[in-house]
Amino acid sequence: MKRALRLTNNASFNYIYRHGNCLNSPILALIFVKATCVRVGVSVGKKVGNSVTRNKAKRRIREAANALLPRLNGCYNYVIVAREGIANADYHQILETLAGLLKKAGHLKA
RNA sequence: UAAGUUAGCCAGACGGUCGCAUCGAAAGAUGAGGAAAGUCCGAGCACCUCAGGGCAAGGCGGCAGGCAACUCCUGCUGAAGGCGACUUCAAGGAAAGUGCAACAGAAAAGUACCGCGGAGCAAAAUCUCCGCAAGGGUGAAAAGGCGCGUUAAGAGCGCACCGGCAGUUCGGCGACGAAAUUGGCCGUGUAAACCCCGCCCGGUGCAAGAGAAAAGAGCCUAUGGACGGCCCGUCCGGCUCCUCAAUCGCUUGAACAUACAGGCGACUGUAUGUCUAGACAGAUGACCGUUUAAUACAGAACUCGGCUUACAGACUAACUUAACGA
RNA sequence: GCCGUUAUGGCGGAACAGGCAGACGCAAGGGACUUAAAAUCCCUCGAUCGAAAGAUCAUGUCGGUUCGAGCCCGACUAACGGCA
């Protein structure tokens, strides 16, 4: 994922947490808000596990988001929050869950 | 062959497609660990403080060496454990002083309840005085152990053996050792209680610290700064404080690899070669293929030297014990 | 990343300097009072075994010092706090 497509600022994270809409699943939470271009941020809390599991989860989420990026319609800023169940999920489960959440939000092209 | 002990080593490899970080004009190159961890010690580095010295607080504690330094490492000594290879140990001082030792017990440090003996007292009992510490009981711990002699009864009071302590001698650089020798010297435990002796130590930590540009506030004023020899002229307001923080610190270092030499060893010296992560929402992932035992613990954030803790599965070497065989 | 603090019944919170641990309060259960309840008073209250008496294990976990650790020392675990 290119740096231009990432959220790199604590203030924008806080803005999205405060003003965004939230969709949940057992392993992921998706928060999004309308913006001028597409940006994605990933957040993995300490409850998920130690640093190895956290890093792995972050990489898999990023990979899944990168795969779904060309199919997005509209300009939104997203924050993807990992929940505790993600420690046992593999890449395919994460990809399916993320696609499902985006479809629910109506941001995914057919 | 079985059961063990110690030391070392590895922490998957190769290939394809897409993706990320740093460097580079590009092609491309490089890209987490043995513990990166815990942050328990020791340093470098940076800032603050300081004339110089001391106290307090804190730490360490067998000896000799190694190291930049260490509470680390090596070798040796002592103690404890194991049939043994070997392992473990905060291992100075209790005869400088103070405190504590609950309950029990007469008594927890120079003590006498029961007891043993003598006298008052001719006999028995009781009581009083004196001597003694063998035996009893209590306790985690009771005044060297055990035997013989001596004695009113007893006792290192004397003697033999055993244990400790101190002196001398011998050996060792030293800790210390000796079935060498002298002395009856035998004076509980606790210092991981205060303390004494010896040694070491200023504090804070890369969120240290430096800092371009910009915004805000205050002060100075029609002067000030730059150009210019000066006036004129041209350009710019200037200084302080605070906020934000691009960038630097940031990776070449007590570095690593190989060879030779010195040393029992930790380690050291010389020569040659190499450059080997450097982010700031924070880089290693996804999908496969081949092979295999390939699975565990686990992710750099200023950098080194250690210690401690977590850990799957292999492999190598030396040694010990037992059984069998020669 | 760096620097600190704490841990005791279901909950809060004692135990001075090592010597019988679970004081005290709240909560819970039982009883008395009441037509019934509240309030009040009394009793019980860590776990296992046991009819009881009692025994064993229990101060986050594991070791050490000591005759004896909630307390002293070391290592680990967990939960909090501070520093831009």
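Every chain's residues receive numbers from 1 upward, in the order its sequence appears when written. The order in which chains are written sets their letters, starting at A; the order in which ligands are written sets their numbers, starting at 1. Only residues with pLDDT of at least 70 get local features here, since the model is predicted, and only at 80 or more are side-chain atom pairs given and counted; chain-wide, interface and lining totals rely on the full set of residues.

Trainee: Before we go on, may I ask you to explain the protein's contact with RNA strand B in this structure?
Mentor: Nearness between a residue and a molecule or strand is assessed with a C-beta atom placed from the backbone; a distance within 6 Å qualifies. Near RNA strand B, the surroundings consist of 22 residues, among which Phe13, Asn50, Asn55, Arg59 and Tyr91 are the closest. Put simply, the parts of the chain that give the surface near RNA strand B at least two residues each are helix H1 (10–19), strand S3 (39–44), helix H2 (51–68) and helix H3 (91–105). Per the convention used, a helix needs a DSSP run of H or I reaching at least four residues, while a strand needs a run of E reaching at least two, with both numbered from the N terminus. Here the element with the most residues in the surface near RNA strand B is H2; it accounts for eight residues.

Trainee: Teacher, can you tell me more about the environment of lysine 109 here?
Mentor: Summarising the element assignment, lysine 109 is placed in the segment after H3. Neighbour counting defines burial: a residue surrounded by 20 or more other C-beta atoms within 10 Å of its own C-beta is buried, one with 12 or fewer is exposed, and intermediate counts give partly exposed, using backbone-placed C-beta atoms. Judged by local crowding, lysine 109 falls into the exposed class, with 10 C-beta atoms found within 10 Å. Taking the C-alpha atoms as reference points, lysine 109 and asparagine 73, 36 residues apart in sequence, are found 6.2 Å from one another. Each residue is represented by a C-beta atom placed from its backbone, and any two residues with such atoms within 7 Å are regarded as in contact. Not counting residues up to four positions away in its chain, the partners in contact with lysine 109 are Arg71 and Asn73.

Trainee: What am I meant to see in the packing of H2 against H3 here?
Mentor: Axis lines are fitted through C-alpha atoms, for helices just across the contact stretch, and the angle between N-to-C directions can take any value from 0 to 180 degrees. Look at H2 against H3: their axes get within 9 Å of each other, and the N-to-C directions meet at 50 degrees. Classified by the angle their axes make, H2 and H3 are oblique. Both H2 and H3 take part in a crossing whose hand is right-handed. On the side of H2, the interface is formed by Arg60, Ile61, Glu63, Ala64, Ala65, Ala67 and Leu68, while H3 contributes Tyr91, Ile94, Leu95, Leu98, Ala99 and Leu102. An angle below 35 degrees is treated as roughly parallel, one above 145 as roughly antiparallel, one from 65 to 115 as roughly perpendicular, and anything else as oblique. Crossing handedness is defined as follows: a turn of the near helix away from the far one that is anticlockwise and smaller than a right angle gives a left-handed crossing, while the clockwise case is right-handed.

Trainee: Explanation requested: the sheet that holds strand S4 (residues 76–82) in the structure shown.
Mentor: The strands making up a sheet associate through backbone hydrogen bonding, with each pair oriented either parallel or antiparallel. Pairing in this open sheet of four strands is mixed, and the strands run S1-S2-S4-S3 from one edge to the other. Both edges of this open sheet fall to strand S1 (21–24) and S3, since each of them pairs with a single strand only. Geometrically, the sheet is characterised by an average inter-axis angle of 20 degrees between neighbouring strands, direction not taken into account. Sheet strands touched by H3: S1 and strand S2 (28–34). Its angle to S2, the strand with the most contacts, is close to 35 degrees. Two strands qualify as a pair provided that DSSP identifies no fewer than 2 bridges between them.

Trainee: In this structure, what is going on with the confidence of the model for chain A? I would like to understand it.
Mentor: Caution applies to low-pLDDT parts of the model: their predicted coordinates are not meant to be read in detail. A residue's pLDDT is the predictor's confidence in that residue, given on a scale from 0 to 100. Predicted confidence across chain A gives a mean pLDDT of 82, with 97% of residues reaching 70 or more. Taken together, the chains of this predicted complex give a pTM of 0.78 and an interface ipTM of 0.78.

Trainee: For this particular structure, what's the right way to read the nonpolar core?
Mentor: The nonpolar side chains of soluble globular proteins are, as a tendency, buried together. Within the largest apolar cluster, 22 residues are counted, with the highest numbers of intra-cluster contacts made by Leu28, Leu30, Ile61, Tyr78, Ile80 and Leu98. Elements with a contribution of two residues or more to this core: S2, S3, H2, S4 and H3. Top contributing element to this core by residue count: S4, with five residues. Setting aside chain neighbours within four positions, we find leucine 98 in contact with Leu28, Ala64, Ala65 and Leu68. Take the buried Ala, Val, Leu, Ile, Met, Phe, Trp, Tyr and Cys residues, join any whose C-beta atoms are within 7 Å, and the set you get is a nonpolar core.

Trainee: I keep staring at the pairing of S1 and nothing clicks. Help me out?
Mentor: In the case of a regular strand, side chains alternate between the two sheet surfaces. Two strands pair when backbone bridges link them, and S1 and S2 are joined in this way by four bridges, in the antiparallel orientation. In the sheet register, leucine 23 faces S2, and the bridge partner there is leucine 30. Turn length for the S1-S2 hairpin, with the two strands adjacent in sequence and antiparallel, is three residues.

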